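Structural overview
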Amino acid sequence: MLGLGSRSGGNLTWGFARYLISRDCYQDNFLPTGLPFGSPEEALDCACDLYLGTPAP
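1. Some thoughts on the overall build of the protein chain
For the protein chain, the count of helices and strands is 1 helix and 3 strands. For the protein chain, the succession of helices and strands along the chain, N to C, is β-β-β-α. Expressed as a percentage of its 57 residues, the buried residues of the protein chain come to 21%. Within the protein chain, residue pairs in contact and separated by at least 24 positions form 33% of the contacts whose partners lie at least 6 positions apart. In the form shown here, the protein chain has an accessible surface area of approximately 4300 Å², with 60% of it arising from carbon and sulfur atoms.

Take a look at the structure:
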């Protein structure tokens, strides 16, 4: 399960985390930019790619 949420910095900076059932906690993830935060679009695109896979060209 992934959770998207606003980071400190207002609604312009978002990150996301995976819920780990084995640890009963959320673990922060990094976006493809290498940063743990970015625009809402970047966070949502990354989360969708994890769930759905990257579409074939």
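Back to the text.
2. Digging into a negative patch on the surface
A cluster of acidic residues, Glu41, Glu42, Asp45 and Asp49, forms a negative patch at the surface. Here glutamate 42 lies in helix 1 (residues 40–52).

3. So, the confidence of the model for the protein chain
Per-residue pLDDT for the protein chain averages 74, and the proportion of residues at 70 or more is 72%. Predicted confidence in the protein chain is weakest over strand 1 (residues 2–6), with a mean pLDDT of 54, and strongest over strand 3 (residues 25–28), with 83.

4. Quick word on unusual backbone geometry
Notably, aspartate 24 is not glycine yet its phi reads approximately 55°, a positive angle. When you line up the elements, aspartate 24 lands in the loop between strand 2 (14–20) and strand 3.

5. Some words on the state of the cysteines
Each disulfide consists of one covalent bond between the sulfur atoms belonging to two cysteines. According to the stated counting rule, one finds 0 disulfides in the structure shown. Cysteine 48 takes part in no disulfide bond, and the closest cysteine sulfur to it belongs to cysteine 46, at a distance of 9.4 Å. Look at cysteine 48 and you get partly exposed, because its relative accessible area is 35%.

6. A few points about the pairing of strand 3
Looking at chain direction, strand 2 and strand 3 are connected through 4 bridges and run antiparallel. In the sheet register, leucine 20 faces strand 3, and the bridge partner there is cysteine 25.

Scoring rules and cut-offs
- Residues numbered from 1 in each chain as written.
- Predicted model: local features only at pLDDT ≥ 70, side-chain atom pairs only at ≥ 80, totals over all residues.
- Heavy atoms only, no water.
- Helix = DSSP H or I, 4+ residues; strand = E, 2+ residues; numbered from the N terminus.
- Buried < 20%, exposed > 50% of the residue type's maximum accessible area, 1.4 Å probe, protein only.
- Contact = heavy atoms within 4.5 Å.
- Areas by Shrake-Rupley, 256 points an atom, 1.4 Å probe, with all protein chains shown as cover.
- Patch = residues over 30% accessible without salt bridge, like charges linked within 9 Å, V, L, I, M, F, W, Y side chains within 5 Å.
- Salt bridge = Lys/Arg side-chain N within 4 Å of Asp/Glu carboxyl O.
- Lys, Arg positive; Asp, Glu negative; His and termini not counted.
- Charge placed at Lys NZ, Arg CZ, Asp CG, Glu CD.
- pLDDT = per-residue confidence, 0-100.
- Disulfide = S-S within 2.5 Å.
- Pairing = 2+ DSSP bridges.

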